[in-house]
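Overview (structure and organization)
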Amino acid sequence: MRNKLVTYHLSTYNKLHLLKNLLLSFEECNQYPNYEWVILDYGSTDGTRDFIFDFMKSRNYISIVFGNEN
């Protein structure tokens, strides 16, 4: 039997330091194999978008949605 997909949803705006900590900690601690992240960013100007693009280059479990307003 296949494990059910768990979706984690995160909305962010200029919280790069918290986003890095969350995702890296999740990778270190998570033991459930079938999951995805949906990250919504509403126009961050602190490098969040660049981090997300770099982070997801080697990971296939992240979907992103970018907006232009807080």
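As shown above, the structure is provided for reference.
Residues numbered from 1 in each chain as written. Predicted model: local features only at pLDDT ≥ 70, side-chain atom pairs only at ≥ 80, totals over all residues. Heavy atoms only, no water.

This structure, assessed with the given rule, holds seven aromatic pairs. When the centroid spacing of 5.0 Å and the interplanar angle of 25° are considered together, the rings of tyrosine 8 and tryptophan 37 count as stacked. With tyrosine 8 in strand 1 (residues 6-12) and tryptophan 37 in strand 2 (residues 35-41), this pair connects stretches of sequence that are 29 residues apart. Residue classification places tyrosine 8 among the partly exposed residues on the basis of a relative accessible area of 27%. Classification of tryptophan 37 by relative accessible area gives buried; the value is 5%. Taken together through their ring pairs, the aromatic side chains of Tyr8, Phe26, Tyr35, Trp37 and Tyr61 make up a single cluster. The side chain of arginine 59 reaches across the aromatic face of phenylalanine 55, ending 3.7 Å from its centre. (Phe/Tyr/Trp six-rings, centres within 6.5 Å; stacked < 30°, edge-to-face > 60°. Helix = DSSP H or I, 4+ residues; strand = E, 2+ residues; numbered from the N terminus. Buried < 20%, exposed > 50% of the residue type's maximum accessible area, 1.4 Å probe, protein only. Lys NZ or Arg CZ within 6 Å of the ring centre and 35° of its normal.)

Within the span of helix 2 (residues 48-56), buried status applies to Thr48, Phe51, Ile52 and Phe55. Along the axis of helix 2, the buried residues cluster in a sector spanning 100°; they form a single face. Packing partners of the buried residues in helix 2 comprise strand 1, helix 1 (16-29), strand 2 and strand 3 (62-66). (Arc of directions from axis to C-beta. Contact = heavy atoms within 4.5 Å.)

Turning to the environment of serine 11, a few remarks are in order. Looking at the element boundaries, serine 11 is found in strand 1. Sequence separation between serine 11 and leucine 24 is 13 residues; the distance between their C-alpha atoms is 17 Å.

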